[in-house]
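Descriptive structure summary
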Amino acid sequence: MHDIRAIRANPAAFDAALARRGMAPATPAILALDTERRAFQTRQQEALSRRNALAKEIGQKKRGGEDTTALEDEARELRNLIEATDELGPKLEFMLASLPNILDAEVPDGADETANVVLHQHGEPVRIEGAKEHYQLGEALGLMDFEAASRIAGARFVVLKGALARMERALGQFMLDLHTGSHGYTECAVPLMVNDAAAYGTDKLPKFSEDLFKTTDGRWLIPTAEVPLTALNMGEIIPEPHEPLRYTALTPCFRSEAGSAGRDTRGMLRQHQFQKVEMVSICRPEDSEAEHERMTHCAERVLTELGLSWRRVFLCSGDTGFGAARTYDLEVWLPGQQAWREVSSCSNTRDFQGRRMNTRFKRGKETVFIHSLNGSGVAVGRALIAVMETWQQPDGSVIIPPVLRPYMGGLEKLG
RNA sequence: GGACAGGUGGCGGAGUGGUCGAUCGCGCCGGUCUCGAAAACCGGAGUACGUGCAAGCGUACCGUGGGUUCGAAUCCCACCCUGUCCGCCA
């Protein structure tokens, strides 16, 4: 959500920010609507004010037994204006709610992912003679079953079995333990279904409803734990967070993947349902930049400990998500696919979600919108893929990374 | 799912269709007193929007959304949430 006062004060700056996202100027329409709405509101408030005065006078006169018909008639005449619904306000709000966040000044310009900037790389892109992709390995081991999944649910689902199912669980536990034990995050078990307000507050609505699954009773399956975690203090004025509030959760995530038909159809890279460990920080405006770096480090550590090759990518203006001011993607190297693939995305939304959710804190006299950040720490399904492809052996078995073995009863190898 | 009882300002808790944005208590902030503190006393404190250079003024908000009325925290309807009991159930 955007600050209408800021737009009024400097429309050119706002349009310039939109231009960085390749969007046409929006302020002429916004300001026209805003002016019209304020005029309407002023007129309506004047009518209300008059009516309140009349009602008060009527009350007093009635008590004195005086005739009040003339006053009542006048009050009745104000009805049209008083009861007129403000159609402009919601329209303006929808307009503002549909515009993406303002990008950080440092975000590199560019139309699409080809303009993203690699900031850092850990490890080398591994070349393995005769490397297989994760689904080849998984199916050959008899631990990954796409046929069964499509039989019972449809495309873009998978069934994991045996030690591989356990390894998925181990990955989630390992990540959670790392973030809660070493990174200061508080583990949360959260609803996997949320209402409109939570989805709107985390900028999934109104623009992206087609990406979500909706329940028959009007709720939404969460596309990421970012939604419930960020919305935990929705609508509240919280104590000033001198230290950022850090939440983490391991949850299934549900995505309709509308619009990605035909993309990544093989394997479990892009599913309707996957496990993910999410990190969310709620903090003061002056802390969000440092928190963003910190959070990204937390995610990177997961990948390093799993023995994966990864790189940090600074998303360009054209690739940065709707709600984000600044985003780092972490890409992991998949030796089977011979490609870098996203396993984490860490974003600073600044006060964009805070405004939508109306989460604030008090500082002296002023009420300040919180800043919120979210990052995958990391996507479990994709981490599983990376582990399989990275740790695969020529015989089709997969070495289990040492950090996961305690979670797998000491097992050292799949197959 | 059924039957009750509720949802009021940070918390507790009043509230009659008409000077109610809302008595009061606690907590909070400022002050007086004190060497200092406590107690006591005095005073101040909600959020959002509009309007104005500003002081200020106005409007809305008593779970949410409708309705009745000149006027609704108060009456009516629907929904949501909480509590208790019953039924069902992982």
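Counting from 1, residues in each chain are numbered in the order their sequence is written. For this description, chains carry letters from A and ligands carry numbers from 1, given in the order in which they are written. Only residues with pLDDT of 70 or above have their local features reported here, since the model is predicted, and side-chain atom pairs are shown and tallied only from 80 upward, although totals for entire chains, interfaces and linings are computed over all residues. No hydrogens and no water enter the side-chain calculation; it runs on all heavy atoms of the structure.

**What about the sheet that holds strand 13 (residues 360-363)?**
Convention followed: Two strands pair under a simple rule: DSSP has to find at least two bridges between them. Numbering of helices and strands runs from the N terminus, with a helix taken as a DSSP run of H or I at least four residues long and a strand as a DSSP run of E at least two residues long.
As summarised here, the arrangement of the three strands in space is 7-13-14, forming an open sheet in which the pairing is mixed. For this open sheet the edge positions go to strand 7 (237-238) and strand 14 (366-369), each flanked by a neighbour on one side alone. Across four bridges, strand 13 lies against strand 14 in antiparallel orientation. Bridge assignment links Lys-362 to a residue of strand 14, and that residue is Thr-367.

**Describing helix 6 (residues 88-97)**
Note: α-helices contain 3.6 residues per turn, so residues at a spacing of three or four share the same orientation. Worth spelling out the cut-off: Three exposure classes are used, based on accessible area relative to the maximum for each residue type with a 1.4 Å probe and protein chains only: buried under 20%, partly exposed in between, and exposed over 50%. Comment: arc refers to directions from the helix axis out to C-beta atoms. Every residue pair with non-hydrogen atoms within 4.5 Å of one another is taken to be in contact.
Residues of helix 6 that are buried include every one of Leu-88, Gly-89, Leu-92, Leu-96 and Ala-97, and no others. All buried residues of helix 6 fall inside an arc of 165° around its axis, so they share one side. Here the buried face of helix 6 lies against helix 1 (4-9), helix 3 (27-63), helix 10 (196-201) and helix 13 (352-357).

**What about the packing of aromatic side chains?**
Stated formally: To pair, rings of Phe, Tyr and Trp, with the six-membered ring standing in for Trp, must have centres within 6.5 Å; the planes then decide the type, stacked if under 30 degrees apart, edge-to-face if over 60, and tilted in the middle. Counted as over-ring charges are cases with an Arg CZ or a Lys NZ within 6 Å of the ring centre that also lie within 35 degrees of the ring normal.
Tallied over the entire structure, the rule returns four aromatic pairs. Ring centres of Trp-333 and Trp-340 lie 5.3 Å apart, and the angle between their planes is 65°; this geometry places the pair in the edge-to-face category. Accessibility classification places Trp-333 together with Trp-340 in one group, the buried group. Across the ring face of Tyr-200, the terminal group of Arg-356 is positioned such that the distance to the ring centre comes to 4.8 Å.

**Focus on the sheet that holds strand 12 (residues 339-348)**
Definition in use: In this description, a line fitted to the C-alpha atoms serves as the axis of each element, helices being fitted only across the stretch in contact, and the angle between N-to-C directions of two axes falls anywhere from 0 to 180 degrees.
With respect to topology, eight strands assemble into an open sheet ordered 1-10-11-12-15-9-8-4, the strand pairing being mixed. Strand pairing shows two members of the sheet lacking a second neighbour, strand 1 (117-122) and strand 4 (186-187), which therefore form its edges. Across two bridges, strand 4 lies against strand 8 (residues 245-254) in parallel orientation. Along strand 8, the bridge assignment pairs Glu-187 with Thr-248. Sheet contacts for helix 12 (residues 288-305): strand 1, strand 8, strand 9 (273-283), strand 10 (310-314), strand 11 (326-334), strand 12 and strand 15 (371-379); angle to strand 15, the most-contacted strand, approximately 5°. Together, strand 8, strand 9, strand 11, strand 12 and strand 15 form the strand contacts of helix 14 (residues 380-390), whose direction differs from that of strand 15 by roughly 35°.

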